[in-house]
Amino acid sequence: MGGSSSSRVVESATWFCVVVLVGMIMLGSIRVDDDGGGVVKGEKLGKRRVCDEIYVVGEGETLHTISEKCSDPFIVERNPHIHDPDDVFPGLAREAFSTSSKNTESLYGVGVANRSPKFKFVKEATLAPPILYYDYIIIGGGTCGCPLAATLSQGARVLVLERGGSPYTNPEKINIYNFVSALSDISPSAFAQQFISRDGVLNARARVLGGGSVLNAGFYSRASLRYIMESGWNETLAKIAYKWVEKKVAFKPTLLQWQAAVKDALLEVGVLPYNGFTLDHLYGTKIGGTIFDKDGNRHTAADLLEYADPRRISVYVHATVHKILFRYNIERRRPQAYGVIFKDALGKMHKAYLGKRSKNEIIVSAGALGSPQILMLSGIGPASHLKAHGIKVVLDQPLVGKGMADNPMNVLVVPSPLPVEVSLIQTVGVTKFGSFIETASGLSIGHSWAERLQGIFEFVSNQSGKPSSVMYPPETKEESVGDTIRSLSNPILKGGVILEKIIGPRSTGHLELVTTNPNDNPSVTFNYFKDPEDLKKCVLGMKTIIDVINSKSFSKFRFKNMPVEALIDLMYHIPMNLRPKHASPTLSLEQYCIDTVLTIWHYHGGCQVGKVVDLNYRVLGVDALRVIDGSTFYRSPGTNPQATVMMLGRYMGEKILRKRYFPAKK
């Protein structure tokens with residue numbers, strides 16, 4: 001992009017975060033939860049136990065025990081001259097874990113511990129040897145990749161390659177109170193990578209161990225039974241997998257005044273019945289789970305690595321996979337994946353290969369944008385498109401990158417005369433017409449954004465030659481705008497947002513490469529509201545939001561002199577996307593949905609089941625390669641996909657291991 005284009009992205013990103021991030025369901029997808037009862041803590045931060053660069057073997061030690069003692073899984077590989085790892089003798093010096101300063105380099109330009117403070121097997125890719133061998137190589141340590149890797153490590157050696165950093169280097173960064181700032185960070189080391197779809201809607205993709213669960217609004221809710229059955233999953237095993245996830249990351253939230261008022265308002269306007277606190281997907285109004293504990297600490301998919309066998313897993317961060325390697329399987333007359341090439345933060349290339357066992361596989365789990373992008377960069381995709389980028393075609397697969405969909409979200413910002421709690425998504429109304437109503441409140445937006453918000457509101461109230469589209473009563477317009485300015489120009493948002501997301505959606509688009517650099521965003525089109533059924537659901541959802549705002553249950557959080565029309569007009573004067581605006585006194589809700597559409601970060605598709613992968617997520621026409629993540633979905637599961645994406649990682653990990661060791665059993 002050129003300079004002017006880049007500035008537009010930054011400008012849009014800022015406003016987008018100010019208005020919408022103020023409490024929305026981020027990156028779910030992708031994403032992926034919830035507060036249940038007590039907090040389950042991970043392993044404690046312990047003292048770093050390292051070995052000298054030259055290690056003297058003690059009595060009874062083997063290369064394997066030294067590897068475990070030194071927390072270095074590569075000692076065996078660094079001593080290839082020892083054919084039997086158990087054939088070492090006391091006093092024999094061996095190269096072990098290096099403690100020199102060169103091993104503490106990172107993307108941040110300062111010395112960082114060469115392992116995660118939470119997991120000793122999580123390290124910078126700069127510490128990886130040039131060549132590695134594993135049973136499973138997982139591309140992407142995200143919302144699905146982490147539980148998948150943890151599960152597979154119980155029966156095989158697993159390598160995880162994550163292009164982003166570790167969330168454990170700065171836990172405060174992902175605390176609930178830093179939600180907006182973390183998501184809106186546009187620095188090179190940010191956990192979120194911004195992009196704008198061809199639809200003119202600002203979006204983001206995760207770039208961190210734990211994926212979207214590190215950035216989203218934390219809502220945790222399972223898929224419906226119908227969704228599970230339609231996906232071909234075993235209901236009993238899926239429930240077991242959900243519970244496995246929930247032991248580490250799901251919590252029951254404490255419902256305070258704003259969330260309680262929206263809950264009561266939803267019931268008042270007919271979103272029935274009230275289902276109380278539940279993780280299940282049920283029609284009516286409910287309180288869902290959250291991945292934030294009572295102290296506001298976020299528990300991500302990366303926490304599921306606590307289940308991993310540390311002797312059998314290696315996770316490298318800032319490891320960007322450039323391509324998957326293939327050879328031709330003569331017997332099966334088809335390509336077979338056998339390795340990957342990845343680059344570390346210093347630009348050094350490494351190669352990772354599968355061991356010789358027939359069950360070994362490469363699994364792509366890079367998300368709805370990353371997975372089809374990786375397949376294309378490796379030569380699997382539409383042949384003409386690959387050739388146009390100079391990529392050697394391994395398999396002409398025209399359906400890679402097709403079926404891209406993003407659940408459209410529309411929102412109203414509601415200033416409040418009363419202080420409100422800081423809350424992300426807790427209350428949700430699951431309607432029978434296909435829209436989900438959710439809310440968030442009181443998030444910190446920072447002084448600089450607050451000043452800019454005040455400037456925009458002053459512009460709206462004082463503009464000349466371009467009057468507001470809403471006809472305020474003359475005696476209330478100045479006062480209502482002033483109230484809005486005062487409520488939103490605080491560092492803490494005095495008020496909240498109420499949003500609607502539609503189910504599905506039915507509208508789909510496509511993804512294409514822009515460059516052959518895996519760090520660059522691909523081009524993606526979602527075609528929001530192309531299908532008229534999606535638009536109908538949005539209109540019904542917005543009508544429900546308006547009813548909620550006008551309800552008696554919500555009245556104490558409303559300025560009496562600020563009609564809903566003023567809130568709608570407000571949204572038209574905030575540049576939260578790059579789409580044309582059609583504000584007018586006769587504005588329809590249909591046009592409002594189209595003009596002000598936003599993402600809820602629940603995009604999916606690109607490697608769909610039955611088109612790119614089979615029911616076991618094996619890539620069609622290729623051996624030893626699977627794709628397991630949200631890119632395989634036809635529609636987003638329930639109110640938020642992250643619980644199901646994490647469940648899928650565990651579910652398929654178990655299934656793969658059973659097939660590996662008990663091939664005759666179904």
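Parameters and conventions
- Residues numbered from 1 in each chain as written.
- Predicted model: local features only at pLDDT ≥ 70, side-chain atom pairs only at ≥ 80, totals over all residues.
- Heavy atoms only, no water.
- Helix = DSSP H or I, 4+ residues; strand = E, 2+ residues; numbered from the N terminus.
- Buried < 20%, exposed > 50% of the residue type's maximum accessible area, 1.4 Å probe, protein only.
- Areas by Shrake-Rupley, 256 points an atom, 1.4 Å probe, with all protein chains shown as cover.
- Pairing = 2+ DSSP bridges.
- Contact = heavy atoms within 4.5 Å.
- Axes fitted to C-alpha atoms, helices over the stretch in contact; angles between N-to-C directions.
- pLDDT = per-residue confidence, 0-100.
- Disulfide = S-S within 2.5 Å.
- Phe/Tyr/Trp six-rings, centres within 6.5 Å; stacked < 30°, edge-to-face > 60°.
- Lys NZ or Arg CZ within 6 Å of the ring centre and 35° of its normal.
- Parallel < 35°, antiparallel > 145°, perpendicular 65-115°, else oblique.
- Left-handed = near helix turned anticlockwise from the far one by under 90°.
- Polar contact = N/O pair within 3.5 Å; in protein donor to acceptor, adjacent residues only side chain to side chain.
- Nonpolar A, V, L, I, M, F, W, Y, C, P; charged D, E, K, R; others polar.
- UniProt positions renumbered as here; feature names shortened; annotations may be inferred.
- Core = buried A, V, L, I, M, F, W, Y, C linked by side-chain atoms within 4.5 Å.
- Domains from an automatic or database assignment.

**With respect to the overall build of the protein chain**
Then step 1. In terms of regular secondary structure, the protein chain is built from 16 helices and 28 strands.
Then step 2. Per-residue burial over the protein chain gives 62% buried out of 666 residues.
Then step 3. For the protein chain, the accessible surface area stands at approximately 25900 Å², while carbon and sulfur atoms represent 53% of it.

**A closer look at the sheet that holds strand β21 (residues 408-415)**
Then step 1. Spatially, β10-β11-β22-β23-β24-β21-β27 is the arrangement adopted by the seven strands of the open sheet, whose pairing is mixed. On the outer flanks of this sheet lie β10 (274-277) and β27 (598-599), each paired with one strand and no other.
Then step 2. Judged from the four bridges that link them, strand β11 (residues 284-287) and strand β22 (residues 427-430) form a sheet pairing that is antiparallel. Among the inter-strand pairings, I287 is bridged to a residue of β22, identified as T427.
Then step 3. In this fold helix α13 (residues 532-549) packs onto β21, β23 (435-441) and β24 (495-502), with an angle of close to 150° to the strand it touches most, β24.

**Digging into the pairing of strand β17 (residues 361-364)**
Then step 1. Of the two faces of β17, the one holding E361 and I363 and the one holding I362 and V364 are both buried throughout.
Then step 2. As paired elements, strand β5 (residues 136-139) and β17 share four bridges and run parallel to each other. Paired with I138 across the strands is I363, a residue of β17.
Then step 3. Bridge count for β17 against strand β28 (residues 625-627) is three bridges, and the pairing is parallel. Opposite I362, over in β28, you have L625 as the bridge partner.

**Describing the confidence of the model for the protein chain**
Then step 1. With 75% of its residues at a pLDDT of 70 or more, the protein chain shows a mean pLDDT of 82.
Then step 2. In the predicted structure, residues 89-117 sits below a pLDDT of 50 and forms 81 contacts with residues beyond four places in sequence or in another chain.
Then step 3. Every residue in residues 445-491 scores below 50 in pLDDT, and together they form 71 contacts with partners more than four places removed in sequence or on other chains.

**Let's talk about the state of the cysteines**
Then step 1. Considering all chains together, one arrives at one disulfide under this definition.
Then step 2. At a sulfur-sulfur separation of 2.1 Å, the disulfide partner of C538 is C593. Since a negative S-S torsion denotes a left-handed disulfide, the C538-C593 link at about -95° is left-handed. One end of the pair, C538, is in helix α13; the other, C593, is in helix α15 (residues 589-595), with 55 residues separating them in the sequence. An identical accessibility class is assigned to C538 and C593; each is buried.
Then step 3. With no disulfide partner, C144 has as its closest neighbouring cysteine sulfur the one in C146, 9.5 Å distant.

**Notes on the sheet that holds strand β16 (residues 349-354)**
Then step 1. Here four strands make up an open sheet; going across it, the order is β4-β16-β15-β14 and the pairing mixed. Only two strands of the sheet have a single neighbouring strand rather than two, namely β4 (131-134) and β14 (320-329). Averaged over all pairs of adjacent strands, the angle between strand axes in this sheet comes to 30°, irrespective of strand direction.

**With respect to the packing of aromatic side chains**
Then step 1. Here the structure, examined in full by the defined rule, presents 15 aromatic pairs.
Then step 2. For the pair F526 and Y528, a centre-to-centre distance of 5.8 Å together with 50° between the ring planes defines the contact as tilted.
Then step 3. Note on F526: relative accessible area 1%, which makes it buried.
Then step 4. A residue is classified by how much of its surface remains accessible, and Y528, at 7% relative accessible area, is buried.
Then step 5. Linked through ring pairs, F195, F526, Y528 and Y603 together constitute an aromatic cluster.
Then step 6. If you follow R157 out to its NZ or CZ, it ends over the ring of Y134, 4.6 Å from the centre.

**What about the packing of helix α4 (residues 145-152) against helix α16 (residues 642-661)?**
Then step 1. For the pair α4 and α16, interaxial distance at closest approach is 7 Å and the crossing angle is 25°. Looking at the two axes, α4 sits roughly parallel to α16. In the crossing of α4 with α16, the sense of the turn from one axis to the other is right-handed. Here α4 contributes P147, L148, T151 and L152 to the contact with α16, which in turn contributes M646, G649, R650, M652, G653, E654, I656 and L657.

**Some remarks on α4**
Then step 1. The element α4 is largely enclosed, with a buried count of eight among its eight residues.
Then step 2. Along α4, the residues that are buried comprise G145, C146, P147, L148, A149, A150, T151 and L152.

**Some points on the side chain of T599**
Then step 1. Looking at the secondary structure, you find T599 in strand β27.
Then step 2. Look at T599 and you get buried, because its relative accessible area is 0%.
Then step 3. In this structure the side chain of T599 is engaged in a polar contact, spanning 2.7 Å, whose partner is the side chain of D406.

**Description of the packing of helix α7 (residues 235-249) against α16**
A pair of packed helices can be characterised by two numbers: the angle between their axes and the separation between those axes.
Then step 1. At a minimum axis separation of 8 Å, α7 and α16 run at an interaxial angle of 120°. On the basis of the axis angle, α7 is oblique to α16. In this structure, α7 crosses over α16, and the sense of that crossing is right-handed. Residue-level inspection shows L237, A238, A241, Y242, W244, V245 and V249 of α7 in contact with α16, the latter providing A643, T644, M646, M647, R650, Y651 and R658.
Then step 2. Considering only residue class, the contact of α7 with α16 consists of 11 nonpolar, one polar and two charged.

**With respect to the UniProt feature "domain: Glucose-methanol-choline oxidoreductase N-terminal" (unreviewed entry) in the protein chain**
Then step 1. This chain's UniProt record puts "domain: Glucose-methanol-choline oxidoreductase N-terminal" (unreviewed entry) on residues 367-381.
Then step 2. For the annotated span residues 367-381, helix accounts for 73% and strand for 13% of the residues, and the straight-line distance between the end C-alpha atoms is 16 Å.

**Thoughts on the side chain of N407**
Then step 1. Its place among the elements puts N407 in the loop between β20 (402-404) and β21.
Then step 2. Exposure remark for N407: the relative accessible area of 0% places this residue in the buried category.
Then step 3. Only 3.0 Å separates the side chain of N407 from the backbone oxygen of I502, close enough to count as a polar contact.
Then step 4. In contact with N407, not counting residues within four places along its chain, are K501, I502, I503, G504, P505, L598, I600, H602, H604 and S636.

**A look at the nonpolar core**
If you look at soluble globular proteins, the nonpolar side chains tend to sit buried side by side.
Then step 1. Ranked by size, the top nonpolar core spans 165 residues in total, and within it I324 and L625 carry the most contacts.
Then step 2. With nine residues, α16 is the largest single contributor of residues to this core.
Then step 3. Counting contributing residues, this core receives three or more from each of domain 1 (122-252 + 291-401 + 603-660) and domain 2 (408-463 + 488-502 + 529-596).
Then step 4. Beyond its immediate stretch of four places on either side in the chain, L625 contacts I324, F326, A337, I362, V364, L375, I380, Y617, R618 and V619.

**Structural notes on the environment of K120**
Then step 1. Mapped onto the elements of the fold, K120 is located in the loop between β2 (93-95) and β3 (122-124).
Then step 2. Classification of K120 as partly exposed rests on a relative accessible area of 34%.

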